[in-house]
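Below are the chains, spelled out letter by letter.
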Amino acid sequence: MNLRNLLLSVAAIAATPLFATTYYVTPEGAGTKDGSSWENAFDTEGFREQALKNADGDVYELAAGTYQPSACIIFKKATYATLNGSIEGRTILSGDKNNDGYASDGDLQRLIRFQTNTGAGVKDKPVAINNIDFTSVYTNMNDDPKTDEEETGVAGIGALYLDNCGDATISNCYFYSNWAQGEKGGAAAHCRRSTVKFINCIFRDNSANYRGGALRITSDRGTKGQTTIENCIFKNNTNYHEFGGAIYQGYGHYLNIVNSTFYGNKCANRGAAIFANSSKDHPCEVRIVNSTIAGNTITGENLNGQVASSQYANIHITNSIIASNDEKTADIYFNNKEAANEKFSFISGGYNYVGNVVDMANQTATTAEDVTEPVEKIKWQSTDNVGAENTYASIFGDNTLNSDNQLQPVKYVAGASGEQVTSATADWGLPTGLSLAKDAAGNTRAAGMTPGANSYTEQQIKDFTTGVISVIDDAANAPRLVKVANDVYTVEGTTEGVTVYTVNGATVATTSGNTIDLSSFANGLYIIKSGNAIFKVMK
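Predicted, not measured: the structure shown is a model, and the values here were computed from it. (Residues numbered from 1 in each chain as written. Predicted model: local features only at pLDDT ≥ 70, side-chain atom pairs only at ≥ 80, totals over all residues. Heavy atoms only, no water.)

Here we look at the overall build of the protein chain
Okay, step 1: When helices and strands are tallied, the protein chain shows 5 helices and 48 strands.
Okay, step 2: Residues counted as buried form 56% of the 539 residues belonging to the protein chain.
Okay, step 3: Restricting to contacts in the protein chain with at least 6 residues of sequence separation, those with at least 24 account for 74%.
Okay, step 4: In the form shown here, the protein chain has an accessible surface area of approximately 21,600 Å², with 47% of it arising from carbon and sulfur atoms. (Helix = DSSP H or I, 4+ residues; strand = E, 2+ residues; numbered from the N terminus. Buried < 20%, exposed > 50% of the residue type's maximum accessible area, 1.4 Å probe, protein only. Contact = heavy atoms within 4.5 Å. Areas by Shrake-Rupley, 256 points an atom, 1.4 Å probe, with all protein chains shown as cover.)

See the structure below:
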């Protein structure tokens, strides 16, 4: 077990009541199927039935494999639980009820529902979901109907549905290939009037017609709807109409985005990646810290942005890269209707690298009727680099998101240190415990390293463009790596053959000779080893 999963397990134990029960689950079950042990594990339907009887703090250990429940797994209202998927393989919850291999009519409309009935940030009923995949959910709802007898409130839409949960943590979960065809959106997850933290999660290839290609956040109270996204990836999600290619924030209290990457998401209108909607009575805040939002596209006819807001949304940004790859998609689009809007605010914490910014309302306001000089409400810091020339191509060249979900720049620009980020966001109201001083890969942010989800030194960026990053053994007579053609390398001074690994240690190629061709490999970082000689190569 790695340290991250160990800490999550310890946290789950700490939150478990003294008399809570641990149940064991496999897709097909085992033995007596009473859930008392792995030898007598619940099957999928036994797990679903037990969830309806859940007692506070019960723990469910789910083995690796694919689970296809007959209906949504609904946890007894006003109770909480911990769900642990396998750390030795993926635990997959699939809504593919008709077994056609993808989300389509006839599949489940949601997979898991919690409603703990706790206030914003109240931590006495913590929900924890770890290491679980959510896939193949399909919905065509235009309303949020009531369904099961256990549900007396709104059923909701989304593979994962959290309603009125004051403390939910979703970690190391993958959400993919879910489809919300109706008007509600949020095919992967819907967080309603809840306090939720997503950490180390991946949202990919989800789609919707409206309101969030992947994630929908809503609230009916001014202090509810508190969502934090840390070290997450949102890639290739699609919204065919409007309000957020990846995320729709609708009247929620705040949305924190930290050390996260948004790439390849699409929306026809209003927020290729993120749309923040708010009202006069429910203004919301979106805080973007140490994140990369790039290559997301508006596919409709009208100009809009990767990040877009309505007139009462308050935007805070620091140490982030926001860059689009087409002229129609602005990077930030302030869709404000009133120039003299006292509710609106924009705060830059500095060290941002941003391209085209569109301000539809010329955000200025007077402080009193007798003041003639406007007060600037959108103001960048001296450490910000903002301009239409900061395009995707100028920052990232031809690079795409690599196999490690990193988007590596080809152009160097200085970002903030961890200390500077912490200082810049000190009064933003961020939750405690966020990894502000490290990047998404766990590297410490030093002064001068690039902004964004992953931080790099100037020398690292120079090395990216040359291919070879480093040679571990630099002795004079040690083997050396020579680039003989595009993506083709020879290890000179060895007769021991060559093996290529990913950064995670998986072998991807081996040869008895001393030349290796990486041209068919995905972009990313690879380790080339021959004998005792080890090289790092960026493709």
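Focus on the sheet that holds strand 42 (residues 480-485)
Okay, step 1: Strand order in the open sheet made by the 3 strands is 42-43-46, with antiparallel pairing throughout. Where the open sheet ends on each side, the last strands, each with one partner, are strand 42 and strand 46 (515-517). The average angle at which neighbouring strand axes cross in this sheet is 25 degrees, direction not considered.
Okay, step 2: With 5 bridges joining them, strand 42 and strand 43 (residues 488-492) adopt antiparallel strand pairing. (Pairing = 2+ DSSP bridges. Axes fitted to C-alpha atoms, helices over the stretch in contact; angles between N-to-C directions.)

With respect to the packing of aromatic side chains
Okay, step 1: This model, assessed by the stated rule, comprises 21 aromatic pairs.
Okay, step 2: Seen from their ring centres, Tyr60 and Phe75 are 5.6 Å apart, and the 75 degrees between their planes marks the pair as edge-to-face. Taken together, the positions of Tyr60 in strand 2 (residues 58-62) and Phe75 in the loop between strand 4 (73-74) and strand 5 (81-84) put the pair 15 residues apart, joining distant regions of the chain. The same class applies to Tyr60 and to Phe75, which are both buried.
Okay, step 3: Pairwise contacts between aromatic rings join Tyr23, Phe42, Phe47, Tyr60, Phe75 and Phe114 into one cluster.
Okay, step 4: One cation-aromatic arrangement involves Arg90 over Tyr174; the distance from NZ or CZ to the ring centre is 3.9 Å.
Okay, step 5: We note Arg287 situated over the ring of Tyr254; from NZ or CZ to the ring centre the distance is 4.7 Å. (Phe/Tyr/Trp six-rings, centres within 6.5 Å; stacked < 30°, edge-to-face > 60°. Lys NZ or Arg CZ within 6 Å of the ring centre and 35° of its normal.)

A short note on the sheet that holds strand 20 (residues 226-230)
Through backbone hydrogen bonds, the strands of a sheet pair up, either in parallel or in antiparallel fashion.
Okay, step 1: The 11 strands are arranged 1-2-5-8-12-16-20-24-28-32-35 in an open sheet whose pairing can be described as parallel. Each of the sheet's edge strands pairs with one partner strand only, and the pair in question is strand 1 (22-25) and strand 35 (346-350). For this sheet, the mean inter-axis angle between neighbouring strands, taken without regard to orientation, is 10 degrees.
Okay, step 2: Alignment of strand 24 (residues 254-258) against strand 28 (residues 285-289), held across 5 bridges, turns out to be parallel. Looking across to strand 28, one finds that Val258 is bridged to Val289.
Okay, step 3: Together, strand 1, strand 2 and strand 5 form the strand contacts of helix 2 (residues 44-51), whose direction differs from that of strand 2 by roughly 165 degrees.

Observations concerning the pattern of salt bridges
Okay, step 1: Taken as a whole and assessed by the stated rule, the structure comprises 11 salt bridges.
Okay, step 2: Among the salt bridges present, the one from Asp163 reaches Arg192, with a minimum N-O distance of 3.1 Å. Of this pair, Asp163 sits in strand 11 (residues 160-163) while Arg192 is found in strand 15 (residues 189-192), placing the two residues 29 residues apart along the sequence.
Okay, step 3: We note a salt bridge from Arg270 to Glu242, for which the minimum N-O separation is 3.5 Å. Of this pair, Arg270 sits in the loop between strand 26 (266-269) and strand 27 (274-277) while Glu242 sits in strand 22 (residues 238-242), and the two are 28 residues apart along the sequence.
Okay, step 4: On the basis of relative accessibility, which here comes to 21%, the residue Glu242 falls in the partly exposed class.
Okay, step 5: If you follow the salt bridges from partner to partner, you end up with Asp163, Arg192 and Arg193 in one network. (Salt bridge = Lys/Arg side-chain N within 4 Å of Asp/Glu carboxyl O.)

Section: the state of the cysteines
Throughout this description, disulfide means a covalent bond between two cysteine sulfur atoms.
Okay, step 1: Per the counting criterion, the structure on display carries 0 disulfides.
Okay, step 2: Between Cys173, a free cysteine, and Cys201, which holds the nearest cysteine sulfur, the sulfur-to-sulfur gap is 5.0 Å. (Disulfide = S-S within 2.5 Å.)

Regarding the environment of Thr227
Okay, step 1: Summarising the element assignment, Thr227 is placed in strand 20.
Okay, step 2: Along the sequence, Thr227 and Ile257 sit 30 residues apart, while their C-alpha atoms lie 8.6 Å from each other.
Okay, step 3: Residue contacts for Thr227: discarding those within four places in its chain leaves Val196, Phe198, Ile217, Tyr254, Leu255 and Asn256.

What about helix 2?
Okay, step 1: Within helix 2, 6 of the 8 residues are buried, leaving the element largely enclosed by the surrounding structure.
Okay, step 2: For helix 2, every residue scored as buried is listed here: Thr44, Gly46, Phe47, Arg48, Gln50 and Ala51.
Okay, step 3: For helix 2, the elements touching its buried residues are strand 1, strand 2, strand 3 (65-67), strand 4 and strand 5.

Some thoughts on the pairing of strand 23 (residues 247-250)
Okay, step 1: The alternating pattern of strand 23 places Ile247 and Gln249 on one face and Tyr248 and Gly250 on the opposite face, and all of these are buried.
Okay, step 2: Here strand 19 (residues 215-218) runs beside strand 23; their pairing, made up of 4 bridges, is parallel. By the bridge assignment, Leu215 is partnered in strand 23 with Ile247.
Okay, step 3: Relative to strand 27, strand 23 runs parallel, the two being bridged by 4 bridges.

Details of the nonpolar core
Okay, step 1: Judged by nonpolar contacts, the single largest core of 68 residues is most densely connected at Phe134 and Phe198.
Okay, step 2: When residues no more than four places from it in sequence are discounted, the contact partners of Phe198 are Ile170, Phe175, Ala189, Cys191, Phe203, Leu215, Thr227, Thr228, Ile229, Glu230 and Cys232.
Okay, step 3: Judged by nonpolar contacts, the second largest core, of 14 residues, contains Val491, Val498, Ala509 and Leu518. (Core = buried A, V, L, I, M, F, W, Y, C linked by side-chain atoms within 4.5 Å.)

Focus: the confidence of the model for the protein chain
Okay, step 1: Per-residue confidence for the protein chain averages 88 on the pLDDT scale, and 87% of its residues sit at or above 70.
Okay, step 2: Contacts of residues 1-14 to residues separated by more than four positions or lying in other chains number 12 contacts, the stretch itself having pLDDT below 50.
Okay, step 3: Low confidence marks residues 145-154, where pLDDT is under 50. Its contacts with residues over four positions away, or in another chain, come to 21 contacts. (pLDDT = per-residue confidence, 0-100.)

Looking at unusual backbone geometry
Okay, step 1: A positive phi angle, near 65 degrees, is found at Tyr251, a position not held by glycine.
Okay, step 2: Inspection of the secondary structure puts Tyr251 in the loop between strand 23 and strand 24.
Okay, step 3: With phi around 50 degrees, Asn290 is a residue other than glycine that occupies positive phi space.
Okay, step 4: One can find Asn290 in the loop between strand 28 and strand 29 (292-294).
Okay, step 5: With a relative accessible area of 0%, Asn290 lands in the buried category.

Details of the environment of Asn304
Okay, step 1: Checked against the element boundaries, Asn304 lands in strand 31 (residues 304-309).
Okay, step 2: Classification of Asn304 by relative accessible area gives buried; the value is 3%.
Okay, step 3: It is 5.8 Å that separates the C-alpha atoms of Asn304 and Ala330, two residues lying 26 residues apart in sequence.
Okay, step 4: If sequence neighbours within four positions are ignored, Asn304 has contacts with Asn269, Arg270, Gly271, Ile298, Lys328, Thr329, Ala330 and Tyr333.
Okay, step 5: Within the structure, Asn304 has its side chain in polar contact with the backbone nitrogen of Arg270 (distance 3.4 Å). (Polar contact = N/O pair within 3.5 Å; in protein donor to acceptor, adjacent residues only side chain to side chain.)

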